[in-house]
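# Chain and residue survey
Each chain, letter by letter, is given below.
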Amino acid sequence: MSNLQASFSVVFPLFFLMAMGYLMRIVHLWDDPVINKVNKLVFQVFLPVNIFLNILNSDIHETFRPKMVLFSCGTVLVIFLILCVLIPLIERTPARRGVMIQGIMRSNFVVLGTSVVASVYGSRGTALAAALITFVIPMFNVLSVIALEVHRTDGGRTSPQRVLLGIAKNPLILACIAGLIAGALRLRLPGWLESPLNSLSGLSTPLALLTLGGSFRFSQVRSGLRQLLIVIAGRLLIVPAAVMAAAVALGFRDAELMTLVAVFACPTAISSYPMAVQQGGDAELAGQI
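In this text, all values refer to a predicted model and were calculated from it rather than measured experimentally.

### Brief notes about the environment of Ser-219
Among the structural elements, Ser-219 can be located in the loop between helix 9 (191-215) and helix 10 (225-249). Note: C-alpha distance between Ser-219 and Thr-126 (93 residues apart in sequence) is 40 Å.

Next up, the structure:
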């Protein structure tokens, strides 16, 4: 019961902020042009700062677990490749394909997963989750950009150069690279710079949730219901069941197993919505997911 209460305490604020964003649009405190501008700020400023600080503050030198890292990164890549084959077979609309691939592959590990692990295993779980962020989050971002670039609204006609350019220009990936370099060099920010960056980072999740709620349309859920059910089943049932069976078979237990649960069993990442908006994916479906 205590774990259920801890999980509720993590999840409820997210739903509350989404409901607030929806209510703010209903009472005309903001409209679609404002929501789109705020969403652009989240994608280009607040989320990159959040990712940079998360990676920078992950002490991989102390909590690095080669087996866990290889399993996590290898599994993310295998899931991505399987989805790249399966999703085009069951979905005809290019803009929805990339969103569906991202929706099944990419979990809300940073916001939800680390909090749940910390609530169960304390500082040890927090350290393991933080170290894994350094490797998993860059993979999520790079593979998401590839999926969305390949399956844009132009019918998926793209080139390797365009995909590489999309990766190189993506603010979240640039933040990952900067965080990895700074972390590898063990750089530490001076207090006068760290404080305002922490403030910017703290805005990322609340604003992303508010814009997500403000963009939601209950009337349009039915139009993408089939795709929505496929992604939900994949993200919350099929992927966790398959990955956890493999993890247990390979001997993962206790805090390490819980950290893997956080990576592969959490709902779709909040940042997948602003990324879909900015890169030509089906933003409505991304928001519903």
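### Overview of the state of the cysteines
One pass over the full model with this rule turns up 0 disulfides. The thiol of Cys-73 is not disulfide-bonded; the next cysteine sulfur, from Cys-176, is found 12 Å away. On the basis of relative accessibility, which here comes to 17%, the residue Cys-73 falls in the buried class. Left without a disulfide partner, Cys-266 is nearest to the cysteine sulfur of Cys-73, which lies 17 Å away. The buried category is assigned to Cys-266, whose relative accessible area is 10%.

### Some details on the pattern of salt bridges
Overall, the coordinates contain 4 salt bridges when judged by the stated rule. For Glu-256, the salt bridge is made with Arg-65, and the minimal N-O distance between the two is 3.5 Å. Residue Glu-256 is located in helix 11 (residues 254-265), and its partner Arg-65 is located in the loop between helix 3 (60-63) and helix 4 (66-90); the two are separated by 191 residues in the primary sequence. Among the salt bridges present, the one from Arg-96 reaches Asp-282, with a minimum N-O distance of 2.9 Å. Of this pair, Arg-96 sits in helix 5 (residues 94-105) while Asp-282 sits in the loop between helix 12 (272-278) and helix 13 (283-288), placing them 186 residues apart in sequence. We note that Arg-96, like Asp-282, is buried.

Scoring rules and cut-offs
- Residues numbered from 1 in each chain as written.
- Predicted model: local features only at pLDDT ≥ 70, side-chain atom pairs only at ≥ 80, totals over all residues.
- Heavy atoms only, no water.
- Helix = DSSP H or I, 4+ residues; strand = E, 2+ residues; numbered from the N terminus.
- Disulfide = S-S within 2.5 Å.
- Buried < 20%, exposed > 50% of the residue type's maximum accessible area, 1.4 Å probe, protein only.
- Salt bridge = Lys/Arg side-chain N within 4 Å of Asp/Glu carboxyl O.

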